[in-house]
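Descriptive analysis of the structure
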Amino acid sequence: MELTVYLAGQIHDNWRDEVEELAKSKNLPLHFVSPQTNHDRSDDIGEAVIGKQPSNLHRDDAASSINNFRTQVLLSKSDIVIALFGESYKQWNTAMDASIALTLGKPTIIVRPESLIHPLKEISNKANVTVETVEQALEVIAYIYE
């Protein structure tokens, strides 16, 4: 049984590649999807589709509409959501994606360091599982196949 896993979280490093490689090394039959990880593409998609916008506000709004559409489709088709909260970046999009997943009733694993226990206490309480590393998140998923 192959499961689709949505990887919510910041897009500024290669943590998703790490998760995919770890899943392969464990022979887990997982298919991964995520938000657009090419930051320029994500920022430019509105103008690429509907044309030049009159201001940065309109540019961001156009891009956000298309990015939110993409996220909604991929989240709704996912079987599991892993939401990684790190310490290096603002985590607004991660919180939004995790909240959407929980609202959709998607089984959700929150990954967050010990330093974020307090600020993420409510969302951790709503998630199915909260762990500190992506390795632990994959162990949770691997348990499905036992």
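Placed above this text is the structure.
Attention here is on the structure that accompanies the text. (Residues numbered from 1 in each chain as written. Predicted model: local features only at pLDDT ≥ 70, side-chain atom pairs only at ≥ 80, totals over all residues. Heavy atoms only, no water.)

What follows deals with the overall build of the protein chain. On a plain count of helices and strands, the protein chain comes out with 6 helices and 5 strands. When the helices and strands of the protein chain are listed from N to C terminus, the series reads β-α-β-α-α-β-α-β-α-β-α. Relative to the compact-globule value of 15 Å for 146 residues, the protein chain shows a C-alpha radius of gyration of 16 Å, a close match. Overall, the C-alpha framework of the protein chain stretches about 55 × 35 × 25 Å when taken along its three principal axes. The burial tally for the protein chain puts 40% of its 146 residues in the buried class. Of all intrachain contacts in the protein chain linking residues separated by at least 6 positions in sequence, the fraction that spans at least 24 positions is 65%. Split by element, the accessible area of the protein chain, about 8700 Å² in all, is 50% carbon and sulfur. Considering the protein chain, the positive charge centre built from 13 side chains and the negative charge centre built from 21 side chains are found 5 Å apart. (Helix = DSSP H or I, 4+ residues; strand = E, 2+ residues; numbered from the N terminus. Rg over C-alpha atoms; globule rule 2.2 N^0.38 Å. Buried < 20%, exposed > 50% of the residue type's maximum accessible area, 1.4 Å probe, protein only. Contact = heavy atoms within 4.5 Å. Areas by Shrake-Rupley, 256 points an atom, 1.4 Å probe, with all protein chains shown as cover. Lys, Arg positive; Asp, Glu negative; His and termini not counted. Charge placed at Lys NZ, Arg CZ, Asp CG, Glu CD.)

A water-sized probe, rolled over the atoms, reveals where empty space remains. What the largest pocket holds in volume is close to 740 Å³. The wall of the largest pocket is formed by 26 residues, among which Ile11, His39, Ser42, Asp43 and Asn93 lie closest to the centre. Top element by residues in the lining of the largest pocket is helix H3 (residues 56–77). It accounts for 8 residues. By residue class, the composition of the lining of the largest pocket is 7 nonpolar, 13 polar and 6 charged. (1 Å grid on protein atoms, 1.4 Å probe; cavity = no way out; pocket = protein on both sides within 12 Å on 5 of 7 lines; lining within 4 Å. Points joined across faces, edges and corners; volume = space filled by probe spheres on them. Nonpolar A, V, L, I, M, F, W, Y, C, P; charged D, E, K, R; others polar.)

The next thing to look at is H3. Owing to its 3.6 residues per turn, the α-helix brings residues three or four apart onto one side. With 22 residues, H3 should cover 32 Å at 1.5 Å per step; its first-to-last C-alpha distance of 31 Å lies within 8% of that length. Within H3, the full set of buried residues consists of Arg59, Ala62, Ala63, Asn67, Thr71 and Leu75. (Expected span 1.5 Å × (residues − 1).)

As summarised here, the arrangement of the 5 strands in space is E2-E1-E3-E4-E5, forming an open sheet in which the pairing is parallel. In the strand order of this sheet, the two ends are held by strand E2 (30–33) and strand E5 (129–131), each with one partner. Neighbour to neighbour, the strand axes of the sheet diverge by 25 degrees on average, direction disregarded. Two strands pair when backbone bridges link them, and strand E4 (residues 108–111) and E5 are joined in this way by 3 bridges, in the parallel orientation. Paired with valine 111 across the bridge in E5 is valine 131. Its contacts with the sheet put helix H1 (residues 15–25) on strand E1 (3–9), E2 and strand E3 (80–84), and the angle it makes with E1 is roughly 155 degrees. (Pairing = 2+ DSSP bridges. Axes fitted to C-alpha atoms, helices over the stretch in contact; angles between N-to-C directions.)

This next bit is on a negative patch on the surface. Residues Asp13, Asp17, Glu18, Glu20 and Glu135 make up a contiguous surface patch of negative charge. Ranked by residues supplied to the negative patch, first place goes to H1 with 3 residues. Along the chain, aspartate 13 turns up in the loop between E1 and H1. For aspartate 13, a relative accessible area of 43% puts it in the partly exposed group. (Patch = residues over 30% accessible without salt bridge, like charges linked within 9 Å, V, L, I, M, F, W, Y side chains within 5 Å. Salt bridge = Lys/Arg side-chain N within 4 Å of Asp/Glu carboxyl O.)

Below, the discussion takes up the side chain of serine 124. In this structure, serine 124 sits in helix H5 (residues 121–126). A relative accessible area of 14% means that serine 124 is categorised as buried.

Right, let's talk about a nonpolar patch on the surface for a bit. Taken together, Met96, Ile100 and Leu104 make up a surface patch of nonpolar side chains, about 230 Å² in accessible area. Inspection of the secondary structure assignment puts leucine 104 in the loop between helix H4 (92–103) and E4.

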